[in-house]
Amino acid sequence: MSWQSLKTLWQHRFVRDVATLQAGTIFSALLGVVSSAVFARVLGPQTFGEYAVLTAFVALVSIPFDLGVGYATITLLANAYGRRDRSAIVEIVAFFVKAWWFICLAIGVPVMVGSVGLAQALYGSSRMGLLAVPLLAGQLIASLFFLTTIVLQVQRRMTALTVLENSNKVLLTLLPIGLVIVGQGLAGVVAGQFVAMMAMLIISVWLYRRLQRTDTLLPNFAEVWRAQAQVRLRSHLRFSIKISLDKTISNLFYILPVMLLGSLA
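As the structure is a prediction and not an experimental result, all values here were calculated from the model.

A.B. asks: Looking at this structure, how should I read unusual backbone geometry?
C.D. replies: Most of the time, phi is negative for any residue but glycine, and the peptide bond is trans. Here Arg84, not a glycine, exhibits a phi torsion of approximately 60°, which is positive. Exposure remark for Arg84: the relative accessible area of 53% places this residue in the exposed category. Even without glycine at this site, Arg156 takes up a positive phi of about 60°. Within the secondary structure layout, Arg156 lies in the loop between α6 (143-154) and α7 (158-181). When its relative accessible area of 35% is taken as the criterion, Arg156 is described as partly exposed.

Structure below.
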């Protein structure tokens, strides 16, 4: 392909968006490689093995959190945004927030309590369960971060989306690495990830407010709060759960072998 052809392609917004997202994916993968290498080197074989088991354990017990709300929201919100239908946009954002409350209180709290007993049953120690609780809580709290990423996708602000997602990845990588290097071990990994998720929650809420001020289609937090009373979770969740089933089943094939190995070892 000639240089002129590449320049012509680059003039298309879709091509630029794809290139931006791909660059972000490559950067994220590199960070993952660096963090794994540092953890393996500093933690040592046994503690790094515990870290792998903890990661799989958290992924397993957090499966009930994934009701497909994010997938449904981006599908419905993109449709409403394309129609410039503000009332539908308010309803969809309110659905996301109301579903978040439901997942936190009706699913999140029981899962966090039950994870301690499950770890005791699987590994003969509640330690994994206790370490999992902050990570599970962080996942729930940081779910609002995904609302901002959805809005950026709908608005096709791919550069801002890539920066936000990679900032999240940088924090999730550097904070745990820093605590591990100073000798905090597996607890340092957990604490670093929890602090990173809390920081990204604050950043994403601030960014959403900025986006809302410049886009009249987006509702403010007061509008979303009031609209939750009119939102019917059942009808939207019926759609979102169907989306999440395939992803959940495929993830189990990656999680279960590590869980079984951790139990046997």
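There is more to say after this.
A.B. asks: Help me out: how do you make sense of the pattern of salt bridges in this one?
C.D. replies: Side chains that differ in charge, positive against negative, can pair when their charged atoms come close. The tally for this structure, following the rule as stated, stands at 3 salt bridges. With a shortest N-O distance of 3.2 Å, Glu50 and Arg127 are connected by a salt bridge. Of this pair, Glu50 sits in helix α2 (residues 13-61) while Arg127 sits in helix α5 (residues 127-141), placing them 77 residues apart in sequence. Where Arg86 meets Glu223, a salt bridge forms, and the shortest distance between an N and an O atom there is 2.9 Å. Taken together, the residues Arg86 in helix α4 (residues 86-123) and Glu223 in helix α9 (residues 221-227) connect sequence positions 137 residues apart.

A.B. asks: Please explain the nonpolar core as it appears in this structure.
C.D. replies: Looking at soluble globular proteins, one finds that nonpolar side chains tend to be buried together. The biggest cluster of nonpolar side chains holds 66 residues, and the ones touching the most others in it are Leu54, Leu77 and Leu136. Mapped by element, the contributors of at least two residues to this core are α2, α3 (69-83), α4, α5, α6, α7, α8 (185-214) and α9. Element by element, the count of residues in this core is highest for α4, at 17 residues. Dropping the residues within four chain positions of it, Leu136 is found in contact with Val58, Val61, Ser62, Phe65, Val111, Met112 and Ser115.

Reading guide: rules and limits
- Residues numbered from 1 in each chain as written.
- Predicted model: local features only at pLDDT ≥ 70, side-chain atom pairs only at ≥ 80, totals over all residues.
- Heavy atoms only, no water.
- Buried < 20%, exposed > 50% of the residue type's maximum accessible area, 1.4 Å probe, protein only.
- Helix = DSSP H or I, 4+ residues; strand = E, 2+ residues; numbered from the N terminus.
- Salt bridge = Lys/Arg side-chain N within 4 Å of Asp/Glu carboxyl O.
- Core = buried A, V, L, I, M, F, W, Y, C linked by side-chain atoms within 4.5 Å.
- Contact = heavy atoms within 4.5 Å.

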